[in-house]
Amino acid sequence: MRWSLALAQFVAVLVMWIGGASGVSPINVCPCSKRSLCQPLPADHQFQVEVLVVDNGGKDWKHYDWSKITTIIALQNVDSELLCHAHEKGVRIVMKDVMLQMYSQDRLLRNLWITSMVHSTQKYFLDGINLEFSHQMKNFEGLSALVAEVTETFQRMIPGSQISVTLPWTPDCRAFNCNDFAAVAKSCDFFVVQSFAIHLQMWRDCFAKANAPYHQALSGLSAYIRLGVDPKKLVMGIPWFGRDYTCLDFYEPGRCEITKKPFKGAPCSSQVAKQIPYKEVMEQLPKSFTGRYWDDSYKSPYYVYKDGSSYHEVWYDDPESLSLKATIMKKLKLRGISAWFGNSLNHSFNPIAAMQTEGMWNALCPIRRKWRV
Ligand SMILES: *[C@@H]1O[C@H](CO)[C@@H](O)[C@H](O)[C@H]1NC(C)=O
């Protein structure tokens, strides 16, 4: 199993590599009106606050508030129109790739993987890479050496490129060597900490809970700092989506018992809930029977609605909970903030939707409305 996976990965990388190198695809044909827009942004093009938006494809980017973005993380293939627009606005655009344990164990696979990433980044005129971990990963040794090698190769091949690593809300010392985080942070530009999905493991009880409670977001980021990570290497990731739990038993708002689903040793998990974008939350909220409730310990809003005979409790984030979390940026002197996903907002011209959407963009930085020069 392990070897067939390794082999498949190897062949896929090899094919991409050879395919790219053979010149069949239109490499180096700049799709933008000006050749300069196909240049990655230079290293000295920096911002006081880094604001990343994760983009899941489509044309929603046309409606983003470009005065607030500094980097786009593209989950899908990058549309050339988006590339030209981002560079015109002085915004970086990076791809996502997945790190596998085998890359740190096998030098040949590692070289092929890094070469193919550099190659795609150059081919699409992008500014770097955001690395995440495969979900199956249980234990990752040699992380800092691996990240250092990626960064060294990228900076040599694409001067000024940005290398970031996405990490869970709190350091996971069973999967990683926690003594290593400070070194990993030094060998990349920054970490994007997903300060949400905090209840993937529910240990104490099986009730619907907030996705991104304020105090846990704060303590998770502080834990990275205590391990020696420079706060300027930390970007806080916030959700622009909610979680819709179906209640097995509904007692009262805030007490919605959910189906057991073991996750990494814990009896229950937020994974049972459906992820819904903020734009759907805003459509559903007026039809709920509770309206917006506020939980003061989680500092998050929620509501309950009924679908046939079953009750649903939806936990989400809105401008109030997000601007509270954005103050953590200032409190801990972090590098910036990152929104998952730009596509979650309603970009229609309806005035109510436009107001809700603007509120979400403004909540990213409630203190200074504009932080780009
Ligand atoms: C966006 O908002 C408009 C107006 O409120 C609504 O009609 C439309 O269904 C919304 N779109 C989505 C995807 O929720």
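Keep in mind it's a predicted model, so treat the numbers as computed, not measured.

### Observations concerning the overall build of the chain
Next up, step 1: Helix and strand counts for the chain stand at 10 helices and 15 strands.
Next up, step 2: Buried residues in the chain amount to 53% of all 373 residues.
Next up, step 3: Sequence-distant contacts in the chain: of pairs separated by 6 or more residues, those separated by 24 or more amount to 71%.
Next up, step 4: Summed over its atoms, the accessible surface of the chain is roughly 17,200 Å², and 55% of this surface lies on carbon and sulfur atoms.

### With respect to the site of the ligand
Next up, step 1: All residues adjacent to the ligand are Lys279, Glu283, Asn346, Ser348, Asn350 and Ala353.
Next up, step 2: The contact in question runs from an oxygen atom of the ligand to an N or O atom on the side chain of Asn346, over 2.2 Å.
Next up, step 3: Within the complex, 55% of the 360 Å² of free accessible area of the ligand lies under protein.
Next up, step 4: For the shell around the ligand, the class distribution of residues is 1 nonpolar, 3 polar and 2 charged.

### Structural notes on the pattern of salt bridges
Next up, step 1: In this structure the tally under the stated criterion is 14 salt bridges.
Next up, step 2: In this structure, the salt-bridge partner of Lys68 is Asp65, at a minimum N-O distance of 2.8 Å.
Next up, step 3: Among the residues examined, Lys68 registers a relative accessible area of 6% and is labelled buried.
Next up, step 4: Here Asp172 ties to Arg174 by a salt bridge, and the two come within 3.7 Å at their closest N and O atoms.

### Points about helix 5 (residues 143-157)
Next up, step 1: In this model, helix 5 (15 residues) spans 21 Å end to end at C-alpha, consistent with the 21 Å of a helix rising 1.5 Å per residue.
Next up, step 2: Inspection of helix 5 places Leu143, Ser144, Leu146, Val147, Val150, Thr151, Thr153 and Phe154 among the buried residues, and these make up the whole buried set.

### What to know about the sheet that holds strand 14 (residues 310-315)
Next up, step 1: On the basis of which strands lie adjacent, the open sheet formed by 5 strands has the order 11-8-14-13-12 and antiparallel pairing. Taken across any chain shown, the strands that pair with only one partner, and hence form the sheet edges, are strand 11 (274-277) and strand 12 (293-295). Neighbour-to-neighbour, the strand axes of this sheet turn through a mean angle of 35°, independent of strand direction.
Next up, step 2: Relative to strand 11, strand 8 (residues 241-246) is paired through 4 bridges, and the arrangement is antiparallel. What sits directly across from Gly242, in strand 11, is Ile276.

### Describing the pairing of strand 2 (residues 71-74)
Next up, step 1: Across the two faces of strand 2 the burial is the same, with Thr71 and Ile73 and Ile72 and Ala74 all buried.
Next up, step 2: For strand 1 (residues 50-55) and strand 2, the ladder comprises 4 bridges, and the chain directions are parallel. Residue pairing across strands places Leu52 opposite Thr71, the latter belonging to strand 2.
Next up, step 3: Judged from the 4 bridges that link them, strand 2 and strand 3 (residues 92-99) form a sheet pairing that is parallel. Among the inter-strand pairings, Ile72 is bridged to a residue of strand 3, identified as Ile93.
Next up, step 4: Running through helix 2 (residues 80-88), the crossover from strand 2 to the neighbouring parallel element strand 3 is right-handed.

The rules we used
Residues numbered from 1 in each chain as written. Predicted model: local features only at pLDDT ≥ 70, side-chain atom pairs only at ≥ 80, totals over all residues. Heavy atoms only, no water. Helix = DSSP H or I, 4+ residues; strand = E, 2+ residues; numbered from the N terminus. Buried < 20%, exposed > 50% of the residue type's maximum accessible area, 1.4 Å probe, protein only. Contact = heavy atoms within 4.5 Å. Areas by Shrake-Rupley, 256 points an atom, 1.4 Å probe, with all protein chains shown as cover. Near = heavy atom within 4 Å. Polar contact = N/O pair within 3.5 Å; in protein donor to acceptor, adjacent residues only side chain to side chain. Nonpolar A, V, L, I, M, F, W, Y, C, P; charged D, E, K, R; others polar. Salt bridge = Lys/Arg side-chain N within 4 Å of Asp/Glu carboxyl O. Expected span 1.5 Å × (residues − 1). Pairing = 2+ DSSP bridges. Axes fitted to C-alpha atoms, helices over the stretch in contact; angles between N-to-C directions. Right-handed = clockwise from strand over helix to strand, strands pointing away.

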